[in-house]
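Residue-level structure breakdown
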Amino acid sequence: MTVTASAQIENAGLGHIPAEFLSAKLRGRRSRLYEGERLVALASLSSVAELGASLFPHDEEIRGAFELEQRLTAACVQELAFFLRYLSGAQEALYRALLDRYPLENIKTLLRLLGRQDAGARAERLLITLPPELSMPVEDLVRATSVEEFVRRIPLKNARSRAIAALPLYERAQQTAFLEMALDRGYWEGVWQAMGSLWPGDRKACSAPITCEYDALRLVAVLRAARTYGLDWEILEQALPLAHGRLSKARLRRFHEKSDPDELRRSLPALRRAPVALEAEEEDESVSHIEDILWRETLRAAVQAFHSAAPGSGSLGALTGYYYLKRHELRQLTMIAQMIRTGRGQREVVQALEVLL
């Protein structure tokens, strides 16, 4: 099967859809999300099979947590890709750039499978099922006989360019992590390029959650590189996205050298509410906690973007907000599936949920 990468698909949007129509569509879809009481109710289910039947009542029985997670992810991506039909021009370009995270996840999976005799069979099980709008040439990548050949076959232009540039790093260290970081760098370059083409009002409406996520990704990558992997800054900066965002290259470098809790709080206000979590004594737990805090900040910005569009204005902010809310729903549902699988009780599941009321 040979299909076209998302960045190359011809514009199939309906075009000239009134903003009010798309906003109404988004409000209807938001009402169906698992949030609040609807989400908490799932914690009372006693098995993964029961959870699967509740979430997908018209599908065949879903027995395992992994199968359910794959089904949930596919449904999330399909739902998000649905809105491409209502976009055109610069708005479509940005939304496609955001959705490219899902083909990119499949590319990372295939990269990790490269060279395995069972790569094709494992790919069938591990890859996210993508809708036609985001499909990509999986067979071409599976048939690659070397990392360099694989990288040069990547269908996403920015990701491919950055991965090619990172090949010397990979060859020295023989760590695909450098290539994965380069793929992320290419992804974000594509997002910021698309943002730059937007009408200023659209850019303002959707920039807050995107910037929050971008800053969180870079900060967490820097802290983990320093605390967990002992990676030198000179190597890290070759793969880490450094432009745009609220955190400058100089500040990220200071965090790499010494992640002072007070400076972290000054740099990102969301961290001021977590005085204990920023201390460096419990490094892995601390970074994970910071990551969770910054994700919640991204969600706050997403909710604001979803609700802030005035009647008659553009709807890109609301769509961007929904994009993050849908991703959070997937995160919550996946967590519930894992906790049910490991025998956690209802009270413990409810306590773990970060419910958006």
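Our structure's up above, just so we're on the same page.
Residues numbered from 1 in each chain as written. Predicted model: local features only at pLDDT ≥ 70, side-chain atom pairs only at ≥ 80, totals over all residues. Heavy atoms only, no water.

**Some details on the overall build of the protein chain**
Along its length, the protein chain carries 19 helices and 0 strands. For the protein chain, long-range pairs separated by at least 24 residues make up 66% of all intrachain contacts whose partners lie at least 6 apart in sequence. Per element, the accessible surface of the protein chain, about 17400 Å² overall, is 49% carbon and sulfur. (Helix = DSSP H or I, 4+ residues; strand = E, 2+ residues; numbered from the N terminus. Contact = heavy atoms within 4.5 Å. Areas by Shrake-Rupley, 256 points an atom, 1.4 Å probe, with all protein chains shown as cover.)

**Side note on the packing of aromatic side chains**
Taken as a whole, this structure holds 11 aromatic pairs when the rule is applied. Taking 6.4 Å as the distance between ring centres and 55° as the angle between the ring planes, the aromatic pair formed by F83 and Y86 counts as tilted. Neither residue differs from the other here; F83 and Y86 are each classed as buried. On the accessibility criterion, F83 (0% relative accessible area) is buried. Each member of the aromatic cluster is reached from another via a ring pair, and the members are F21, F82, F83, Y86 and Y322. Above the plane of the ring of Y34 lies R38, whose end atom (NZ or CZ) is 4.2 Å from the centre. For the cation-ring pair, R125 lies above F66, with the distance from its terminal atom to the ring centre recorded as 4.3 Å. (Phe/Tyr/Trp six-rings, centres within 6.5 Å; stacked < 30°, edge-to-face > 60°. Buried < 20%, exposed > 50% of the residue type's maximum accessible area, 1.4 Å probe, protein only. Lys NZ or Arg CZ within 6 Å of the ring centre and 35° of its normal.)

**Things to note about the packing of helix 13 (residues 200-227) against helix 15 (residues 249-257)**
Direction vectors running N to C along helix 13 and helix 15 enclose 30°, while the axes themselves pass 8 Å from each other. Handedness of the helix 13/helix 15 crossing: right-handed. For the pair formed by helix 13 and helix 15, the contact residues are R218, L219, V222, L223 and A226 on the first element and L252, F255 and H256 on the second. Taken together, the residues of the contact of helix 13 with helix 15 sort by class into 6 nonpolar, 1 polar and 1 charged. (Axes fitted to C-alpha atoms, helices over the stretch in contact; angles between N-to-C directions. Left-handed = near helix turned anticlockwise from the far one by under 90°. Nonpolar A, V, L, I, M, F, W, Y, C, P; charged D, E, K, R; others polar.)

Everything listed here is a matter of geometry and, on its own, says nothing about what the molecule does.
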